[in-house]
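An overview of the molecular structure
So the chains spell out like this:
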Amino acid sequence: MNAPLELPPTALGPVARAGARGQSRLNVSFEFSPPKTEEAEESLWQAIRRLEPLNPEFVSVTYGAGGSTRERTHRTVVRMIHETSLRPAAHLTCVEASRADVDEVVQAYWDSGIRHIVALRGDPPGQIGGAYVPRTDGYLNGTELTAGIKAIAPFEVSVSLYPQIHPESPSIAHDIDVLKAKVDAGATRAITQFFFDVDGFLRFTDQVRKAGIDIPICAGIMPVTNFKGLRRMAEPCGIDIPFWLGNLFDGLDKDPDTRRLIACSVAAETCARLEEEGFTDFHFYTLNRADLVYAICRVLGVREAAGAQGVPS
Ligand code: FAD
(Lines give C-alpha, C1' and ligand atoms only; values in the text may rest on other atoms or scores of the structure.)
Protein backbone atom coordinates (compact mmCIF):
# COMPACT_ATOMS: atom_id res chain seq x y z
CA MET A 1 0.00 0.00 0.00
CA ASN A 2 1.38 3.41 -0.96
CA ALA A 3 1.90 6.02 1.74
CA PRO A 4 -1.04 8.46 1.96
CA LEU A 5 -0.61 11.39 -0.39
CA GLU A 6 0.26 14.70 1.18
CA LEU A 7 -2.55 16.70 -0.37
CA PRO A 8 -4.69 19.33 1.27
CA PRO A 9 -7.97 17.52 2.08
CA THR A 10 -10.08 20.17 0.38
CA ALA A 11 -8.29 19.62 -2.94
CA LEU A 12 -10.00 16.23 -3.31
CA GLY A 13 -13.50 14.84 -3.01
CA PRO A 14 -14.47 12.13 -0.50
CA VAL A 15 -13.66 9.25 -2.87
CA ALA A 16 -10.17 10.49 -3.67
CA ARG A 17 -9.55 11.23 0.01
CA ALA A 18 -10.59 7.64 0.80
CA GLY A 19 -8.05 6.45 -1.78
CA ALA A 20 -5.40 8.64 -0.19
CA ARG A 21 -6.10 7.08 3.22
CA GLY A 22 -5.55 3.59 1.75
CA GLN A 23 -6.46 0.31 3.43
CA SER A 24 -9.07 0.60 6.16
CA ARG A 25 -10.54 -1.40 8.99
CA LEU A 26 -14.20 -0.83 8.28
CA ASN A 27 -16.82 -3.48 8.97
CA VAL A 28 -18.79 -4.34 5.86
CA SER A 29 -21.70 -6.73 5.50
CA PHE A 30 -23.56 -7.93 2.44
CA GLU A 31 -27.24 -8.70 2.02
CA PHE A 32 -28.46 -11.28 -0.50
CA SER A 33 -31.87 -12.68 -1.45
CA PRO A 34 -32.59 -16.39 -1.74
CA PRO A 35 -32.58 -17.39 -5.44
CA LYS A 36 -35.74 -18.52 -7.23
CA THR A 37 -34.20 -20.47 -10.11
CA GLU A 38 -31.12 -22.55 -10.76
CA GLU A 39 -29.74 -19.79 -12.95
CA ALA A 40 -30.30 -17.21 -10.20
CA GLU A 41 -28.63 -19.55 -7.73
CA GLU A 42 -25.58 -19.79 -9.97
CA SER A 43 -25.23 -16.02 -10.24
CA LEU A 44 -25.87 -15.55 -6.49
CA TRP A 45 -23.03 -17.92 -5.72
CA GLN A 46 -20.71 -16.14 -8.12
CA ALA A 47 -21.46 -12.93 -6.22
CA ILE A 48 -20.89 -14.62 -2.86
CA ARG A 49 -17.55 -16.04 -4.00
CA ARG A 50 -16.42 -12.67 -5.30
CA LEU A 51 -17.24 -10.86 -2.06
CA GLU A 52 -16.16 -13.56 0.39
CA PRO A 53 -12.43 -12.65 0.34
CA LEU A 54 -13.31 -9.16 1.62
CA ASN A 55 -13.94 -10.88 4.95
CA PRO A 56 -17.27 -9.23 5.76
CA GLU A 57 -18.38 -8.94 9.36
CA PHE A 58 -21.43 -10.98 8.33
CA VAL A 59 -23.63 -11.67 5.31
CA SER A 60 -27.40 -11.87 5.48
CA VAL A 61 -30.14 -13.56 3.49
CA THR A 62 -33.60 -12.00 3.29
CA TYR A 63 -36.92 -13.62 4.13
CA GLY A 64 -39.70 -13.23 1.56
CA ALA A 65 -42.99 -11.59 2.43
CA GLY A 66 -45.21 -13.81 4.53
CA GLY A 67 -42.45 -16.40 4.90
CA SER A 68 -42.61 -17.18 1.18
CA THR A 69 -38.88 -17.98 1.04
CA ARG A 70 -38.70 -19.91 4.31
CA GLU A 71 -37.07 -23.01 2.74
CA ARG A 72 -34.87 -21.09 0.31
CA THR A 73 -33.57 -18.70 2.97
CA HIS A 74 -32.75 -21.64 5.20
CA ARG A 75 -31.04 -23.57 2.40
CA THR A 76 -28.94 -20.56 1.39
CA VAL A 77 -27.64 -19.75 4.89
CA VAL A 78 -26.91 -23.41 5.61
CA ARG A 79 -24.95 -23.71 2.36
CA MET A 80 -22.99 -20.61 3.36
CA ILE A 81 -22.07 -22.26 6.65
CA HIS A 82 -20.93 -25.48 4.97
CA GLU A 83 -19.18 -24.10 1.90
CA THR A 84 -17.72 -20.72 2.86
CA SER A 85 -15.81 -18.94 5.59
CA LEU A 86 -18.67 -16.44 5.91
CA ARG A 87 -20.75 -15.74 9.03
CA PRO A 88 -24.32 -15.79 7.73
CA ALA A 89 -27.36 -14.19 9.32
CA ALA A 90 -30.87 -15.28 8.41
CA HIS A 91 -33.61 -12.66 8.18
CA LEU A 92 -36.88 -13.64 9.82
CA THR A 93 -40.29 -11.95 9.92
CA CYS A 94 -43.42 -12.65 11.92
CA VAL A 95 -45.95 -11.91 9.16
CA GLU A 96 -48.83 -14.38 8.92
CA ALA A 97 -47.18 -16.85 11.25
CA SER A 98 -48.04 -18.03 14.72
CA ARG A 99 -45.46 -17.81 17.48
CA ALA A 100 -45.13 -21.59 17.27
CA ASP A 101 -44.35 -21.41 13.52
CA VAL A 102 -41.75 -18.71 14.02
CA ASP A 103 -40.20 -20.50 16.99
CA GLU A 104 -39.88 -23.62 14.88
CA VAL A 105 -37.94 -21.70 12.22
CA VAL A 106 -35.71 -20.16 14.91
CA GLN A 107 -34.97 -23.55 16.45
CA ALA A 108 -34.20 -25.00 13.00
CA TYR A 109 -31.72 -22.18 12.38
CA TRP A 110 -29.99 -22.86 15.69
CA ASP A 111 -29.86 -26.62 15.02
CA SER A 112 -28.28 -25.92 11.62
CA GLY A 113 -25.50 -23.86 13.17
CA ILE A 114 -26.87 -20.39 12.41
CA ARG A 115 -26.09 -17.98 15.23
CA HIS A 116 -27.31 -14.63 13.91
CA ILE A 117 -30.85 -13.55 12.98
CA VAL A 118 -32.04 -10.25 11.52
CA ALA A 119 -35.38 -9.93 13.35
CA LEU A 120 -38.15 -8.04 11.57
CA ARG A 121 -41.86 -7.66 11.81
CA GLY A 122 -42.26 -7.66 8.02
CA ASP A 123 -44.86 -6.09 5.74
CA PRO A 124 -48.32 -7.34 4.88
CA PRO A 125 -47.88 -9.56 1.78
CA GLY A 126 -48.17 -7.70 -1.51
CA GLN A 127 -48.63 -4.25 0.00
CA ILE A 128 -45.68 -2.47 1.54
CA GLY A 129 -47.10 0.45 3.45
CA GLY A 130 -50.52 -1.22 3.81
CA ALA A 131 -52.16 -1.69 7.20
CA TYR A 132 -50.49 -4.42 9.18
CA VAL A 133 -52.83 -6.82 10.93
CA PRO A 134 -50.98 -9.00 13.41
CA ARG A 135 -52.15 -12.53 14.11
CA THR A 136 -53.54 -12.88 17.60
CA ASP A 137 -51.29 -15.90 18.19
CA GLY A 138 -48.26 -14.29 16.50
CA TYR A 139 -45.45 -11.95 17.45
CA LEU A 140 -46.67 -8.37 17.26
CA ASN A 141 -43.50 -6.60 16.08
CA GLY A 142 -39.71 -6.74 15.83
CA THR A 143 -39.34 -6.11 19.56
CA GLU A 144 -41.46 -9.11 20.55
CA LEU A 145 -39.72 -11.23 17.92
CA THR A 146 -36.29 -10.27 19.27
CA ALA A 147 -37.32 -11.31 22.79
CA GLY A 148 -38.80 -14.54 21.43
CA ILE A 149 -35.59 -15.43 19.58
CA LYS A 150 -33.43 -14.72 22.64
CA ALA A 151 -35.72 -16.94 24.74
CA ILE A 152 -34.96 -19.87 22.42
CA ALA A 153 -31.17 -19.61 22.14
CA PRO A 154 -28.37 -17.03 22.59
CA PHE A 155 -28.49 -15.77 19.00
CA GLU A 156 -26.90 -12.54 17.88
CA VAL A 157 -29.92 -10.43 16.85
CA SER A 158 -29.79 -7.49 14.45
CA VAL A 159 -32.81 -5.21 13.98
CA SER A 160 -34.01 -2.53 11.58
CA LEU A 161 -33.64 1.23 11.87
CA TYR A 162 -35.21 3.90 9.67
CA PRO A 163 -33.25 7.14 9.12
CA GLN A 164 -36.43 8.72 7.68
CA ILE A 165 -38.61 6.98 10.28
CA HIS A 166 -40.78 3.96 9.61
CA PRO A 167 -43.88 4.89 7.56
CA GLU A 168 -46.17 3.73 10.39
CA SER A 169 -44.28 5.66 13.05
CA PRO A 170 -45.62 8.92 14.50
CA SER A 171 -42.18 10.45 15.14
CA ILE A 172 -38.43 10.01 15.30
CA ALA A 173 -38.68 9.95 19.08
CA HIS A 174 -41.03 6.95 18.84
CA ASP A 175 -38.65 5.12 16.49
CA ILE A 176 -35.79 5.74 18.90
CA ASP A 177 -37.92 4.40 21.78
CA VAL A 178 -38.65 1.32 19.67
CA LEU A 179 -34.94 0.78 19.06
CA LYS A 180 -34.29 1.13 22.81
CA ALA A 181 -36.98 -1.49 23.49
CA LYS A 182 -35.34 -3.82 20.96
CA VAL A 183 -31.95 -3.36 22.62
CA ASP A 184 -33.56 -4.14 25.99
CA ALA A 185 -35.03 -7.27 24.37
CA GLY A 186 -31.54 -8.37 23.30
CA ALA A 187 -30.75 -6.76 19.94
CA THR A 188 -27.04 -6.08 19.47
CA ARG A 189 -26.90 -4.29 16.11
CA ALA A 190 -29.12 -2.01 14.02
CA ILE A 191 -29.11 -2.09 10.23
CA THR A 192 -30.63 0.93 8.55
CA GLN A 193 -33.02 1.22 5.67
CA PHE A 194 -31.24 2.67 2.62
CA PHE A 195 -31.20 6.45 2.28
CA PHE A 196 -29.80 9.24 0.10
CA ASP A 197 -29.85 12.22 2.44
CA VAL A 198 -26.47 11.87 4.13
CA ASP A 199 -26.86 15.00 6.28
CA GLY A 200 -30.29 13.81 7.46
CA PHE A 201 -28.80 10.40 8.24
CA LEU A 202 -26.05 12.00 10.32
CA ARG A 203 -28.55 14.12 12.28
CA PHE A 204 -30.73 11.04 12.88
CA THR A 205 -27.91 8.81 14.10
CA ASP A 206 -26.71 11.64 16.31
CA GLN A 207 -30.14 11.64 18.00
CA VAL A 208 -29.95 7.85 18.42
CA ARG A 209 -26.57 8.19 20.16
CA LYS A 210 -27.80 11.07 22.32
CA ALA A 211 -30.61 8.78 23.50
CA GLY A 212 -27.90 6.54 24.98
CA ILE A 213 -28.14 3.74 22.41
CA ASP A 214 -24.64 2.50 21.73
CA ILE A 215 -25.04 -0.68 19.67
CA PRO A 216 -23.33 -0.64 16.26
CA ILE A 217 -25.39 1.01 13.52
CA CYS A 218 -24.74 -0.35 10.03
CA ALA A 219 -25.51 2.22 7.35
CA GLY A 220 -27.67 0.48 4.73
CA ILE A 221 -26.28 1.27 1.28
CA MET A 222 -28.23 0.56 -1.89
CA PRO A 223 -26.25 1.14 -5.11
CA VAL A 224 -29.14 2.21 -7.34
CA THR A 225 -28.99 1.09 -10.95
CA ASN A 226 -32.70 1.06 -11.78
CA PHE A 227 -34.06 4.50 -11.04
CA LYS A 228 -37.64 3.70 -12.05
CA GLY A 229 -37.61 0.62 -9.82
CA LEU A 230 -36.19 2.71 -7.00
CA ARG A 231 -39.11 5.16 -7.25
CA ARG A 232 -41.60 2.29 -6.94
CA MET A 233 -39.78 0.80 -3.97
CA ALA A 234 -38.90 3.99 -2.10
CA GLU A 235 -42.29 5.70 -2.09
CA PRO A 236 -44.23 3.24 0.11
CA CYS A 237 -41.20 3.00 2.41
CA GLY A 238 -41.18 6.78 2.90
CA ILE A 239 -37.67 7.21 1.50
CA ASP A 240 -37.02 10.57 -0.16
CA ILE A 241 -35.34 10.52 -3.54
CA PRO A 242 -33.38 13.73 -4.00
CA PHE A 243 -33.82 15.69 -7.23
CA TRP A 244 -30.11 15.43 -8.03
CA LEU A 245 -30.36 11.64 -8.18
CA GLY A 246 -33.18 11.95 -10.71
CA ASN A 247 -31.05 14.33 -12.77
CA LEU A 248 -28.13 11.91 -12.79
CA PHE A 249 -30.30 9.11 -14.21
CA ASP A 250 -32.34 11.30 -16.54
CA GLY A 251 -32.40 9.92 -20.11
CA LEU A 252 -30.56 6.71 -19.23
CA ASP A 253 -33.50 4.29 -19.31
CA LYS A 254 -31.93 2.35 -22.17
CA ASP A 255 -28.34 2.67 -21.00
CA PRO A 256 -27.78 0.19 -18.15
CA ASP A 257 -23.97 0.40 -18.37
CA THR A 258 -23.91 4.13 -17.67
CA ARG A 259 -26.51 3.70 -14.93
CA ARG A 260 -24.24 1.21 -13.22
CA LEU A 261 -21.26 3.58 -13.34
CA ILE A 262 -23.38 6.34 -11.82
CA ALA A 263 -24.78 4.00 -9.17
CA CYS A 264 -21.28 3.08 -8.13
CA SER A 265 -20.05 6.64 -7.88
CA VAL A 266 -23.08 7.84 -5.87
CA ALA A 267 -22.83 4.97 -3.39
CA ALA A 268 -19.05 5.28 -3.12
CA GLU A 269 -19.32 8.98 -2.40
CA THR A 270 -21.99 8.36 0.25
CA CYS A 271 -19.83 5.77 1.99
CA ALA A 272 -16.63 7.79 1.76
CA ARG A 273 -18.36 10.82 3.27
CA LEU A 274 -19.86 8.72 6.10
CA GLU A 275 -16.45 7.25 6.81
CA GLU A 276 -15.09 10.76 7.20
CA GLU A 277 -17.87 11.40 9.70
CA GLY A 278 -16.67 8.45 11.75
CA PHE A 279 -18.93 5.66 10.46
CA THR A 280 -17.29 2.25 10.50
CA ASP A 281 -20.15 -0.15 9.65
CA PHE A 282 -21.69 -0.47 6.19
CA HIS A 283 -24.38 -2.94 5.10
CA PHE A 284 -24.69 -3.31 1.33
CA TYR A 285 -27.93 -4.32 -0.37
CA THR A 286 -26.18 -6.30 -3.11
CA LEU A 287 -29.25 -7.37 -5.15
CA ASN A 288 -27.21 -10.56 -5.60
CA ARG A 289 -24.52 -8.85 -7.69
CA ALA A 290 -20.95 -8.33 -6.61
CA ASP A 291 -19.34 -5.89 -9.01
CA LEU A 292 -20.63 -2.54 -7.72
CA VAL A 293 -20.27 -3.49 -4.08
CA TYR A 294 -16.79 -4.85 -4.71
CA ALA A 295 -15.77 -1.55 -6.34
CA ILE A 296 -17.23 0.50 -3.48
CA CYS A 297 -15.34 -1.63 -0.96
CA ARG A 298 -12.15 -0.92 -2.91
CA VAL A 299 -12.84 2.80 -2.61
CA LEU A 300 -13.29 2.38 1.15
CA GLY A 301 -9.99 0.54 1.42
CA VAL A 302 -11.64 -2.81 2.22
CA ARG A 303 -9.41 -5.38 0.56
CA GLU A 304 -8.87 -9.13 0.47
CA ALA A 305 -6.32 -10.56 2.87
CA ALA A 306 -2.84 -10.83 1.32
CA GLY A 307 -2.73 -13.78 -1.07
CA ALA A 308 -6.51 -14.07 -1.43
CA GLN A 309 -7.83 -13.99 -4.97
CA GLY A 310 -10.33 -11.20 -5.54
CA VAL A 311 -10.99 -11.30 -9.26
CA PRO A 312 -12.40 -14.54 -10.62
CA SER A 313 -10.30 -16.07 -13.40
P1 FAD B 1 -40.89 -2.95 13.79
O2 FAD B 1 -39.64 -2.30 14.27
O3 FAD B 1 -41.40 -4.08 14.53
O4 FAD B 1 -41.98 -1.81 13.72
C5 FAD B 1 -43.26 -2.07 13.19
C6 FAD B 1 -44.28 -1.23 13.93
O7 FAD B 1 -44.35 -1.66 15.29
C8 FAD B 1 -43.87 0.25 13.95
O9 FAD B 1 -45.02 1.04 13.84
C10 FAD B 1 -43.26 0.40 15.34
O11 FAD B 1 -43.41 1.70 15.81
C12 FAD B 1 -44.04 -0.60 16.17
N13 FAD B 1 -43.27 -1.13 17.31
C14 FAD B 1 -42.21 -2.01 17.23
N15 FAD B 1 -41.74 -2.25 18.47
C16 FAD B 1 -42.50 -1.51 19.32
C17 FAD B 1 -42.48 -1.33 20.71
N18 FAD B 1 -41.58 -1.97 21.50
N19 FAD B 1 -43.39 -0.47 21.26
C20 FAD B 1 -44.30 0.17 20.50
N21 FAD B 1 -44.37 0.05 19.15
C22 FAD B 1 -43.47 -0.80 18.57
N23 FAD B 1 -38.96 -7.34 5.14
C24 FAD B 1 -39.15 -8.63 4.78
O25 FAD B 1 -40.29 -9.07 4.54
N26 FAD B 1 -38.09 -9.52 4.69
C27 FAD B 1 -36.82 -9.13 4.97
O28 FAD B 1 -35.88 -9.93 4.87
C29 FAD B 1 -36.58 -7.75 5.34
N30 FAD B 1 -35.32 -7.32 5.62
C31 FAD B 1 -35.15 -6.02 6.05
C32 FAD B 1 -33.87 -5.60 6.43
C33 FAD B 1 -33.66 -4.30 6.88
C34 FAD B 1 -32.26 -3.88 7.29
C35 FAD B 1 -34.74 -3.39 6.95
C36 FAD B 1 -34.51 -1.98 7.42
C37 FAD B 1 -36.02 -3.79 6.58
C38 FAD B 1 -36.24 -5.11 6.13
N39 FAD B 1 -37.52 -5.57 5.78
C40 FAD B 1 -37.71 -6.88 5.41
C41 FAD B 1 -38.66 -4.63 5.78
C42 FAD B 1 -39.45 -4.64 7.10
O43 FAD B 1 -40.03 -5.90 7.30
C44 FAD B 1 -40.52 -3.56 7.00
O45 FAD B 1 -39.94 -2.30 6.96
C46 FAD B 1 -41.62 -3.62 8.04
O47 FAD B 1 -42.63 -2.67 7.69
C48 FAD B 1 -41.22 -3.28 9.45
O49 FAD B 1 -40.49 -4.28 10.05
P50 FAD B 1 -39.61 -3.88 11.36
O51 FAD B 1 -39.06 -5.07 11.98
O52 FAD B 1 -38.70 -2.80 11.00
O53 FAD B 1 -40.81 -3.30 12.27
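Heads up: the structure comes first, above all this text.
Residues numbered from 1 in each chain as written. Predicted model: local features only at pLDDT ≥ 70, side-chain atom pairs only at ≥ 80, totals over all residues. Heavy atoms only, no water.

**Some words on the overall build of the chain**
Note the cut-off: Runs of H or I in DSSP of at least four residues are treated as helices and runs of E of at least two as strands, each being numbered from the N terminus. Only protein chains enter the calculation, and the probe is 1.4 Å; a residue is then buried if its accessible area is under 20% of its type maximum, exposed if over 50%, and partly exposed in between. Contact criterion: two residues are considered in contact whenever any of their non-hydrogen atoms come within 4.5 Å of each other. Areas reported as accessible are Shrake-Rupley estimates using a 1.4 Å probe. Residue values count occlusion only from the protein chains shown.
Regarding its fold elements, the chain presents eleven helices and eight strands. Each of the three principal axes of the chain carries a C-alpha extent, and together these read 60 × 45 × 40 Å. Across the 313 residues in the chain, those meeting the buried criterion constitute 51%. Contacts in the chain between residues at least 24 apart in sequence constitute 78% of all its contacts with a sequence separation of at least 6. Accessible surface, the chain as shown: approximately 15,300 Å² in total, 51% of it carbon and sulfur.

**A short note on helix H7 (residues 198-210)**
To be explicit about the condition: Every helix has an expected span of 1.5 Å times one less than the residues it contains. Whenever two N or O atoms come within 3.5 Å, that pair is a polar contact, provided that in protein one can donate a hydrogen and the other can accept it, and provided that, for residues adjacent in sequence, both atoms are side-chain atoms.
The terminal C-alpha atoms of H7 lie 18 Å apart, and with 13 residues this matches the ideal 18 Å at 1.5 Å per residue to within 8%. Buried residues belonging to H7 abut strand E5 (156-161), helix H6 (172-185), strand E6 (189-192), strand E7 (217-221) and helix H10 (256-276). For H7, the N-terminal cap is aspartate 197; the gap from its side-chain oxygen to the backbone nitrogen of aspartate 199 is 3.3 Å. Among the residues trailing H7, glycine 212 stands out with phi positive, at a value near 85 degrees.

**Considering the sheet that holds strand E3 (residues 88-93)**
For the record, the criterion: Strands pair, by our definition, only if DSSP identifies at least two bridges between them. Between N-to-C directions, angles cover 0 to 180 degrees, with each direction set by a line fitted to C-alpha atoms, over the stretch in contact for helices.
Strand order in the closed barrel formed by eight strands is E1-E2-E3-E4-E5-E6-E7-E8, with parallel pairing between adjacent strands. Taking the axes of each pair of neighbouring strands and ignoring which way they run, one obtains an average angle of 30 degrees across the sheet. Across the sheet, helix H5 (residues 142-152) touches E3, strand E4 (116-120) and E5, and the angle it forms with E4 is around 150 degrees.

**Some thoughts on the site of the ligand**
The test is simple: A molecule or strand has a residue near it when one of that residue's heavy atoms lies within 4 Å. Side-chain classes follow a simple rule in which Ala, Val, Leu, Ile, Met, Phe, Trp, Tyr, Cys and Pro form the nonpolar group, Asp, Glu, Lys and Arg form the charged group, and the remainder, Gly included, forms the polar group.
With respect to spatial proximity, 22 residues lie near the ligand, and among them Asp123, Gly142, Ser160, Tyr162 and Lys182 are the closest. Contacts to the ligand include serine 160, whose side-chain N or O atom sits 2.5 Å from an oxygen atom. Considering the ligand on its own, with 960 Å² of exposed area, one finds that the protein chains cover 82% of that surface. Elements represented by at least two residues in the shell around the ligand include exactly E3, H5 and H6. Looking at the shell around the ligand, the element that brings in the most residues is H6, giving four residues. When its residues are assigned to classes, the shell around the ligand shows seven nonpolar, eleven polar and four charged.

**A short note on the pairing of E6**
Heads up, the rule is: When the strands point away from the viewer and the path from the first strand over the helix to the second turns clockwise, the crossover is right-handed.
Of the two faces of E6, both are covered, the one formed by Arg189 and Ile191 as well as the one formed by Ala190 and Thr192. Sheet topology note: the E5/E6 ladder contains four bridges and is parallel. Paired with valine 159 across the two strands is alanine 190, which belongs to E6. Between the parallel pair E5 and E6, the chain is carried across by H6, and the sense of this crossover is right-handed.

**What to know about the packing of aromatic side chains**
Filter applied, for reference: Any Phe, Tyr or Trp ring, taking Trp's six-membered ring, that has another such ring centre within 6.5 Å forms a pair; planes under 30 degrees apart are called stacked, those over 60 apart edge-to-face, and the others tilted. Any Lys NZ or Arg CZ that is within 6 Å of a ring centre and within 35 degrees of that ring's normal is treated as a charge sitting over the ring.
The tally for this structure, following the rule as stated, stands at seven aromatic pairs. Pairing phenylalanine 194 with phenylalanine 196 gives two aromatic rings, centres 5.9 Å apart and planes at 70 degrees, and the pair type is edge-to-face. The class of phenylalanine 194 is buried, set by a relative accessible area of 4%. What makes phenylalanine 196 buried here is its relative accessible area of 10%. Measuring from centroid to centroid gives 6.3 Å for phenylalanine 194 and tyrosine 285, while their planes differ by 75 degrees, and the two rings are edge-to-face. With a gap of 91 residues between them, phenylalanine 194 in the loop between E6 and H7 and tyrosine 285 in strand E8 (residues 281-285) connect regions that are remote in the sequence. Of the two residues examined, phenylalanine 194 and tyrosine 285, each falls in the buried class. Through a chain of ring-to-ring contacts, three or more aromatic side chains come together here, namely Phe194, Phe196 and Tyr285. Over the face of the ring belonging to tyrosine 294 we find arginine 50, whose NZ or CZ atom lies 4.0 Å from the ring centre.

**A closer look at the pattern of salt bridges**
Put simply, the test is: For this analysis, a salt bridge means a side-chain nitrogen from Lys or Arg found within 4 Å of a carboxyl oxygen belonging to Asp or Glu.
All chains considered together, the criterion is met by 19 salt bridges. Taking the shortest distance from any N to any O, the salt bridge between glutamate 275 and arginine 21 comes out at 3.1 Å. Taken together, the residues span a long stretch of sequence, with glutamate 275 in helix H10 and arginine 21 in helix H1 (residues 14-21) at a distance of 254 residues. For glutamate 275, a relative accessible area of 16% translates into the label buried. The partly exposed category is assigned to arginine 21, whose relative accessible area is 37%. Between arginine 79 and glutamate 41 there is a salt bridge whose closest N-O contact spans 3.2 Å. Pair noted here: arginine 79 is in helix H3 (residues 70-83) and glutamate 41 is in helix H2 (residues 38-51), with a separation of 38 residues, a long-range link. Since its relative accessible area comes to 28%, arginine 79 is described here as partly exposed. Three or more residues joined by partner-sharing salt bridges are found here, namely Glu41, Arg49, Glu52, Arg79 and Glu83.

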